Amino acid sequence: QVQLVESGGGLVQAGGSLRLSCAAAGLTFSRRSLGWFRQAQGKEREFVSRVSWSGDTYYVDSVKGRFTISRDNAKNTVYLQMNSLKPDDTAVYYCATFTGGGYASTSSYGTWGQGTQVTVSS
């Protein structure tokens, strides 16, 4: 059974940084692509970033240059380093396993974590 557990969220002032972690279990981690999504209150879940099994990375335009996704196959963990945070980044952040299709679509992802709250104050 695949399990994903996110951590690292919290309250931070605008301009600050956070690093989210997503620990995975029950899968051959090194052969899987994973993504980060976020969902702000009252809005649809949106793609943030994805790292392929080979290390290729993708970002939504709004976070390019501020967020960095990475993975540590030895620890079965994917990270999202978030710098220069803005109030618009406030959301619950989820990691998920990519199963195929368009990398920015929620329907292309299978297992999801429970999410971690990120709140950026102005």
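Values in this document were obtained by computation on a predicted structure and should not be read as measured data.

So, how was this worked out
- Residues numbered from 1 in each chain as written.
- Predicted model: local features only at pLDDT ≥ 70, side-chain atom pairs only at ≥ 80, totals over all residues.
- Heavy atoms only, no water.
- Phe/Tyr/Trp six-rings, centres within 6.5 Å; stacked < 30°, edge-to-face > 60°.
- Helix = DSSP H or I, 4+ residues; strand = E, 2+ residues; numbered from the N terminus.
- Buried < 20%, exposed > 50% of the residue type's maximum accessible area, 1.4 Å probe, protein only.
- Lys NZ or Arg CZ within 6 Å of the ring centre and 35° of its normal.
- Pairing = 2+ DSSP bridges.
- Lys, Arg positive; Asp, Glu negative; His and termini not counted.
- Salt bridge = Lys/Arg side-chain N within 4 Å of Asp/Glu carboxyl O.
- Polar contact = N/O pair within 3.5 Å; in protein donor to acceptor, adjacent residues only side chain to side chain.

Comments concerning the packing of aromatic side chains
Moving on, step 1. Tallied over the entire structure, the rule returns eight aromatic pairs.
Moving on, step 2. When the ring of Phe37 is compared with that of Tyr109, the centres are 4.8 Å apart and the planes differ by 80°; the resulting orientation is edge-to-face. Here Phe37, found in strand 4 (residues 34–39), pairs with Tyr109, found in strand 10 (residues 109–112); they are 72 residues apart in sequence, far enough to count as distant.
Moving on, step 3. By relative accessible area, Phe37 is classed as buried at 0%.
Moving on, step 4. An aromatic cluster is built from Phe37, Phe47, Tyr58, Tyr94, Phe98, Tyr103, Tyr109 and Trp112, whose rings are joined through pairwise contacts.
Moving on, step 5. Against the face of Phe29 rests Arg71, its NZ or CZ located 4.6 Å from the ring centre.

So, the pairing of strand 4
Moving on, step 1. Counted residue by residue, strand 4 has five buried out of six residues, so it is predominantly covered.
Moving on, step 2. When strand 4 meets strand 5 (residues 46–51), the two strands line up antiparallel, connected through five bridges. From the neighbouring strand, Trp36 faces strand 5, where its bridge partner is Ser49.
Moving on, step 3. Counting the residues between successive antiparallel strands, the hairpin from strand 4 to strand 5 contains six residues, one of them, Gly42, with a positive phi of roughly 80°.
Moving on, step 4. As paired elements, strand 4 and strand 9 (residues 91–98) share six bridges and run antiparallel to each other. Across the sheet, the residue bridging to Phe37 is Tyr94, located in strand 9.

Some thoughts on the side chain of Arg71
Moving on, step 1. Considering the arrangement of structural elements, one finds Arg71 in strand 7 (residues 67–72).
Moving on, step 2. The side chain of Arg71 sits in the buried core without any salt bridge; Asp72 is the nearest counter-charge, 8.3 Å away.
Moving on, step 3. A distance of 2.7 Å separates the side chain of Arg71 from the backbone oxygen of Phe29, its partner in a polar contact.
Moving on, step 4. At 2.9 Å, the side chain of Arg71 forms a polar contact with the side chain of Asn73.

Details of the pairing of strand 11 (residues 116–121)
Moving on, step 1. Because side chains alternate across strand 11, one face comprises the buried residues Thr116, Val118 and Val120, and the other comprises Gln117, Thr119 and Ser121, none of which is buried.
Moving on, step 2. Direction of pairing for strand 2 (residues 10–13) relative to strand 11: parallel, over a ladder of four bridges. Within the sheet, the bridge partner assigned to Leu11 lies in strand 11 and is Thr119.
Moving on, step 3. The pairing of strand 9 with strand 11 spans three bridges and is classified as antiparallel.

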